[in-house]
Amino acid sequence: QVQLVESGGGLVQPGGSLTLSCAASGIIFNIYAMGWYRQAPGTQRELVAAITSGGRRNYADSVKGRFTISRDNAKNSVYLQMNSLKPEDTAVYYCNALREYPADRYLEVWGQGTLVTVSS
């Protein structure tokens, strides 16, 4: 069964830190680019950070210098280290897998999301 399972969300005070994790199963993990998206109430889902199968990273301007994405292919996992959190970072965070090479049946997979709330 193919799935992405996020964990690590929760309530944190402004200026605090959280690390999100996403564990993948059922896909050939190392051929997928992995991304973190977020969606706040009343807004569209937006890309926060992504890392290609080759390790190239990109970030939304709003999180550059505060968030770091990483992956561990041996553990089929991707992580999002979030520092200096702001109330505007409050959202449901989704893990995404986007196939980069035609060696697996799934083109794109989404996780179920994990809620991050930044509030005092």
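In the block above lies the structure referred to throughout.
As the structure is a prediction and not an experimental result, all values here were calculated from the model.

**Topic: the overall build of the chain**
Along the backbone of the chain there are 0 helices and 11 strands. Order of helices (α) and strands (β) in the chain, N terminus to C terminus: β-β-β-β-β-β-β-β-β-β-β. Taken over C-alpha atoms, the radius of gyration comes to 14 Å for the chain, in line with the 14 Å a tight globule of 120 residues would show. Dimensions of the chain, computed from the C-alpha atoms along their principal axes, are close to 45 × 25 × 25 Å.

**A word on the state of the cysteines**
Considering all chains together, one arrives at 1 disulfide under this definition. A disulfide bridge connects Cys22 with Cys95, and the sulfur atoms are separated by 2.1 Å. As the torsion about the S-S bond is roughly -85°, the Cys22-Cys95 disulfide counts as left-handed. Of this pair, Cys22 sits in strand S3 (residues 18-25) while Cys95 is found in strand S9 (residues 91-99), placing the two residues 73 residues apart along the sequence. For Cys22, a relative accessible area of 1% gives the class buried.

**Details of the nonpolar core**
With 30 residues, the main nonpolar core has Leu4, Met34, Trp36, Leu80, Met82 and Tyr93 as its most contacted residues. At the level of secondary structure, the elements contributing two or more residues to this core comprise S3, strand S4 (32-39), strand S5 (46-51), strand S7 (67-72), strand S8 (77-82), S9 and strand S11 (114-118).

**Examining the sheet that holds S7**
Judged by pairing direction, the sheet is antiparallel, and its 4 strands sit side by side in the order S1-S3-S8-S7 without closing on themselves. Edge positions in the open sheet fall to strand S1 (3-7) and S7, since each of these has one partner strand only. This sheet shows a mean twist of 15° between the axes of neighbouring strands, independent of strand direction. Note: S7 against S8, 6 bridges, orientation antiparallel. If you follow Thr68 over to S8, its bridge partner there is Gln81.

**Brief notes about the pattern of salt bridges**
A complete count under the given rule lists 4 salt bridges for this structure. For the salt bridge of Asp89 with Arg66, the shortest nitrogen-to-oxygen distance reads 2.8 Å. Taken as a pair, Asp89 in the loop between S8 and S9 and Arg66 in the loop between strand S6 (57-59) and S7 lie far apart in primary sequence, 23 residues in all. You can call Asp89 buried: its relative accessible area is 0%. On the basis of relative accessible area, Arg66 is assigned to the buried category, the value being 11%.

Reading the values: the criteria
Residues numbered from 1 in each chain as written. Predicted model: local features only at pLDDT ≥ 70, side-chain atom pairs only at ≥ 80, totals over all residues. Heavy atoms only, no water. Helix = DSSP H or I, 4+ residues; strand = E, 2+ residues; numbered from the N terminus. Rg over C-alpha atoms; globule rule 2.2 N^0.38 Å. Disulfide = S-S within 2.5 Å. Buried < 20%, exposed > 50% of the residue type's maximum accessible area, 1.4 Å probe, protein only. Core = buried A, V, L, I, M, F, W, Y, C linked by side-chain atoms within 4.5 Å. Pairing = 2+ DSSP bridges. Axes fitted to C-alpha atoms, helices over the stretch in contact; angles between N-to-C directions. Salt bridge = Lys/Arg side-chain N within 4 Å of Asp/Glu carboxyl O.

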